[in-house]
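Single-letter residue listing:
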Amino acid sequence: MIMNKLTMLLVAISMVFTAVNAQTKNKSENKVIESKESLRLVKATNDLLAPESVVYDDVNKVLLVSCQAGDVPGDGSIAKVSLDGKIINPKFVSGLNNPKGIAISEGKIYVGDLLELVEIDLQTGAILKKYTSDKLQFLNDVTVDKAGNVYVSDMFISSIYKLDKMGNFSEWFTSPDMDNPN
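I will try to describe carefully the structure that is included in this document. (Residues numbered from 1 in each chain as written. Predicted model: local features only at pLDDT ≥ 70, side-chain atom pairs only at ≥ 80, totals over all residues. Heavy atoms only, no water.)

### Re the sheet that holds strand 9 (residues 116-121)
Taking strand neighbours across the sheet as the criterion, the 4 strands line up as 7-8-9-10 in an open arrangement whose pairing is antiparallel. Strands at the two margins of the open sheet, each flanked by one partner only, are strand 7 (99-105) and strand 10 (127-131). Between one strand and the next, the sheet's axes are offset by a mean angle of 20°, whatever the strand orientation. Pairing of strand 7 with strand 8 (residues 108-113) involves 5 bridges; the strand directions are antiparallel. Bridge pairing in strand 8 places Ala 103 opposite Tyr 110. (Pairing = 2+ DSSP bridges. Helix = DSSP H or I, 4+ residues; strand = E, 2+ residues; numbered from the N terminus. Axes fitted to C-alpha atoms, helices over the stretch in contact; angles between N-to-C directions.)

As structure tokens, then:
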């Protein structure tokens, strides 16, 4: 569903945040833990088209927001937003298809863009490289480990892909028991 305007909650990693009335289940102890703390709305904007994910850029002290936009290939983008909610550049990165999860590592932005993991220069917004596989169906969330390896989930095939430090992109883990990994 495409929405012309969405309200975006901006919560930076450097800001204090906690779970919203979350209940998490510790499977090893089969125990439920409840939290009564809540998130705080920092700023809202209606000026981004279909924002999906946000990451804090601690080098430039800004937020980077993946914007899915519409159904037209290439109309997705990454916006640059100040910590007080002002849009610095709505198309800091353009030409993406359906960007979702976003992470930063070693001067690069990584975004899951439907059928590609896209590597982007953090300073210029230039697309450096795209990683893909014939098996990919729906890339979603992205994370980076302490060693700098990048991981992206494929929701539709219950797999996690890994981009290692040597630039090798391959399926790292798959299991039919993972239901729509995000």
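### Examining the sheet that holds strand 14 (residues 169-174)
With antiparallel pairing, the 4 strands of this open sheet are ordered in space as 11-12-13-14. Edge strands, defined here as strands with exactly one partner in the open sheet, are strand 11 (139-144) and strand 14. Between one strand and the next, the sheet's axes are offset by a mean angle of 30°, whatever the strand orientation. With 4 bridges joining them, strand 11 and strand 12 (residues 150-154) adopt antiparallel strand pairing.

### Description of the pairing of strand 4 (residues 62-67)
Counting buried positions along strand 4 yields 6 of 6 residues, so the element is predominantly enclosed. Here strand 4 shows two buried faces, one formed by Val 62, Leu 64 and Ser 66 and the other by Leu 63, Val 65 and Cys 67. With 6 bridges joining them, strand 3 (residues 51-57) and strand 4 adopt antiparallel strand pairing. When the bridges of strand 4 are listed, Val 55 appears paired with Leu 64. Connecting strand 3 to the next strand, strand 4, in antiparallel fashion are 4 residues, including Lys 61 with a positive phi near 55°. Two elements, strand 4 and strand 5 (residues 76-81), share 5 bridges in a ladder whose sense is antiparallel. (Buried < 20%, exposed > 50% of the residue type's maximum accessible area, 1.4 Å probe, protein only.)

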